[in-house]
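Single-letter residue listing:
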Amino acid sequence: MFQHITTHIFLTVLMYIFIFLSMRIMGKREIGKLSVFDLTISIMIAEIAVFVIEDIERPIYDGVVPMATLVLIQVIVAQLSLKSRKLRLLVDGRPSILISDGKIHRGEMRRQRYNIDDLLLQLRGQNIVSPADVEFAILETSGQLTVIEKNQNVTSSNQSGNSSSGAERKEKNGDSQEDSGDAGSSGGTASVKLPKHKIRYEGLPIPLIMDGKVQDSNLEMIGKNRFWLRTQIRQKGVSDFRDVFLCSVDHKGELYIAPINPNKGKQT
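Here we summarise the structure given alongside this text. (Residues numbered from 1 in each chain as written. Predicted model: local features only at pLDDT ≥ 70, side-chain atom pairs only at ≥ 80, totals over all residues. Heavy atoms only, no water.)

### Comments concerning a nonpolar patch on the surface
Move 1: Residues Met1, Ile5, Ile9, Val13, Tyr16, Ile17, Phe20, Leu21 and Ile25 make up a contiguous nonpolar surface patch of about 970 Å² in total accessible area.
Move 2: With a relative accessible area of 48%, Ile9 lands in the partly exposed category. (Patch = residues over 30% accessible without salt bridge, like charges linked within 9 Å, V, L, I, M, F, W, Y side chains within 5 Å. Areas by Shrake-Rupley, 256 points an atom, 1.4 Å probe, with all protein chains shown as cover. Salt bridge = Lys/Arg side-chain N within 4 Å of Asp/Glu carboxyl O. Buried < 20%, exposed > 50% of the residue type's maximum accessible area, 1.4 Å probe, protein only.)

Printed below as a string of C-alpha cells:
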C-alpha cells in the first residue's frame, strides 16, 4: 500500500517537472497566446500525463516519449513558421475583421460562428457602447477581440481592458450626434427622443432588433412600438425587420442600424 502511494507521488512529481520543462521549451507564446495548434499540443500533453499517473504498471517511457515527440513537433513548427508566413497562416489561420467603420460584417461572423451577443459582450467589456463607435474590430487567431475606436490611435483588447477616457468618450459621442444625419444605410445612426426616466442603465445601448427579431420588451420600455421602428429602418433603406442584423438605441437617442445585407439596403 505504501509503495503504491509513493509510486503515484513519484509519477505525479515527475510529470509535473516534465510538463513544466516542456512549456518552457515551447516558449512564452504558449502562456500568452493559445492558438488552435498550441491548444491541441497542450491538451494532448496533459492527457498523456494523466494516463502515466493513473496506470503505475505502465512504463514511464510510454508517456515520456509521446510527450517529447509533441514538444519536438511544436518547436519545429514554431521555428519553421518564423521563416514562412504561409505556414503561419496554415497553422494559426488569419485574423477576421468583424467590424469596419462601424459596419458589422455578418458574413464573417457567421463563418467564425460568432454571434451578436458575443460581439456586444466583448465591446461592453471594453467600455464601447455601440458598434458605431468602432473603426475596426478584429478577431485574432487566438480568439482575442482587438478593437480600434474611431478617431483614436488607441487599441484595446478583451484581455487588457484598455479604454478611452470619459472626456474622449463624450467628445466622440458629440461628433457622432453631429454626423448622425449623414450616416449610410449600413451601420447608420439616427437620433430619436427617449423617455430618460425609463432608461435603466445610462450609457448602455438597448437592442431593438437582433438577428432580424424585434425585441418587443425593449420597445415597450422606451415607449415605442413596431410601427415607429419600421419607419426608422425604412428611412435607412431597410424594408423588413428580418433584414436587420442589429438595431440598437443608446441613452442619448442615437439609433444604430446594421442591415443583414448592406448592398440590398443601398439598392432599395
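### What to know about the pairing of strand β7 (residues 206-210)
Two faces belong to every sheet, and in a regular strand the side chains alternate between them.
Move 1: Most of β7 sits out of view: 4 of its 5 residues are buried.
Move 2: The pairing of β7 with strand β9 (residues 244-249) spans 4 bridges and is antiparallel. Considered in β9, the bridge of Pro207 is made with Ser248.
Move 3: Where β7 lies against strand β8 (residues 213-214), 2 bridges are found, and the strand directions are antiparallel. By the bridge assignment, Met210 is partnered in β8 with Lys213.
Move 4: Counted between consecutive antiparallel strands, the loop separating β7 from β8 contains 2 residues, among which Asp211 sits at a positive phi close to 55 degrees. (Helix = DSSP H or I, 4+ residues; strand = E, 2+ residues; numbered from the N terminus. Pairing = 2+ DSSP bridges.)

### Some details on helix α5 (residues 85-92)
Move 1: Measuring from the side-chain oxygen of the N-cap residue of α5 to the backbone nitrogen of Leu87 gives 3.2 Å; that N-cap residue is Ser84.
Move 2: Gly93 sits one or two residues past α5 and shows a positive phi near 85 degrees. (Polar contact = N/O pair within 3.5 Å; in protein donor to acceptor, adjacent residues only side chain to side chain.)

### A few points about the pairing of strand β3 (residues 134-139)
Move 1: When strand β1 (residues 96-100) meets β3, the two strands line up antiparallel, connected through 4 bridges. Its bridge partner lying in β3, Ile97 is registered against Ile138.
Move 2: With 5 bridges connecting them, β3 and strand β4 (residues 145-149) associate as antiparallel partners. Bridge pairing in β4 links Val134 to Glu149.
Move 3: Here β3 hands over to β4 after 5 residues, with Gly143 in that stretch at a positive phi of 95 degrees.

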